[in-house]
Amino acid sequence: QAQLVESGGGLVQPGGSLRLSCATSISRFSIYAMGWYRQAPGKERELVATITSAGITNYADPVKGRFTIFRDTAKNTAYLQMSSLKPEDTAVYYCNVKRGLFDYWGQGTQVTVSS
């Protein structure tokens, strides 16, 4: 059974930084893309950032210039470096892996930006 294990969430002040990690047991040779999505209370889940197996990245407009997604293929882990955090970034962040026609999700990690 495919596993995605997320870590790195927490409470941070506005303007601060956090790094999220997502380690997966899915073979890196079968992964098309990894990414991060988030869901704030009362809102739908939305894309944050993705990175393909070729290293092509895509970011949602609200996080461009502040968040960076990258992968360590040897560790089969994706990271989301978040800087200049804003209160509106508060949400549960979910890791996603795309393999063929299937999507796999992590359990989610809470990020709270508050003073």
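Our subject is the structure that appears above.
Residues numbered from 1 in each chain as written. Predicted model: local features only at pLDDT ≥ 70, side-chain atom pairs only at ≥ 80, totals over all residues. Heavy atoms only, no water.

This part takes up the sheet that holds strand β3 (residues 18-24). The sheet built from four strands is open, its strands ordered β1-β3-β8-β7 with antiparallel pairing. Edge strands, defined here as strands with exactly one partner in the open sheet, are β1 (4-7) and β7 (67-72). Each strand of the sheet is rotated relative to its neighbour by a mean of 15°, with strand direction disregarded. Bridging between β1 and β3 involves four bridges; their strand directions are antiparallel. If you follow S7 over to β3, its bridge partner there is S21. (Pairing = 2+ DSSP bridges. Helix = DSSP H or I, 4+ residues; strand = E, 2+ residues; numbered from the N terminus. Axes fitted to C-alpha atoms, helices over the stretch in contact; angles between N-to-C directions.)

Turning next to the nonpolar core. The tendency in soluble globular proteins is for nonpolar side chains to be buried as a group. Within the largest apolar cluster, 29 residues are counted, with the highest numbers of intra-cluster contacts made by M34, W36, V48, F67, L80, M82 and Y93. No other element matches the four residues that strand β9 (residues 91-99) contributes to this core. What L80 contacts, discounting residues up to four positions off in sequence, is L18, R19, L20, W36, V48, A49, F67, T68, I69 and Y93. (Core = buried A, V, L, I, M, F, W, Y, C linked by side-chain atoms within 4.5 Å. Buried < 20%, exposed > 50% of the residue type's maximum accessible area, 1.4 Å probe, protein only. Contact = heavy atoms within 4.5 Å.)

Now for the pairing of strand β5 (residues 46-52). Successive side chains on a regular strand alternate, one facing one side of the sheet and the next facing the other. Extensive coverage of β5 is indicated by the burial of five of its seven residues. One ladder, built from six bridges, connects strand β4 (residues 33-39) with β5; its direction is antiparallel. Along β5, the bridge assignment pairs G35 with T50. Connecting β4 to the antiparallel partner β5 that follows it, the hairpin turn spans six residues, and G42 within it adopts a positive phi of roughly 80°.

What follows covers the packing of aromatic side chains. According to the stated counting rule, one finds two aromatic pairs in the structure shown. The interplanar angle of 70° and the centroid separation of 5.1 Å between the aromatic rings of Y37 and W105 together place this pair among those described as edge-to-face. A residue pair is termed long-range when its members are at least 10 positions apart, and Y37 in strand β4 and W105 in strand β10 (residues 102-105) qualify at 68 residues. With relative accessibility at 37%, the residue W105 sits in the partly exposed group. In this structure, R45 is placed above the aromatic ring of Y94, and the distance from its NZ or CZ to the ring centre is 3.7 Å. Over the ring of W105 we find R45, and its NZ or CZ is 4.6 Å from the ring centre. (Phe/Tyr/Trp six-rings, centres within 6.5 Å; stacked < 30°, edge-to-face > 60°. Lys NZ or Arg CZ within 6 Å of the ring centre and 35° of its normal.)

Further remarks concern unusual backbone geometry. Among all residues except glycine, the phi angle is most often negative; among peptide bonds, the trans geometry is most common. Positive phi, normally seen in glycine, also occurs at N76, with a value near 55°. Look at N76 and you get buried, because its relative accessible area is 11%. The phi dihedral of S84 falls on the positive side, at around 50°, and the residue is not glycine. Here S84 shows up in the loop between β8 (77-82) and β9.

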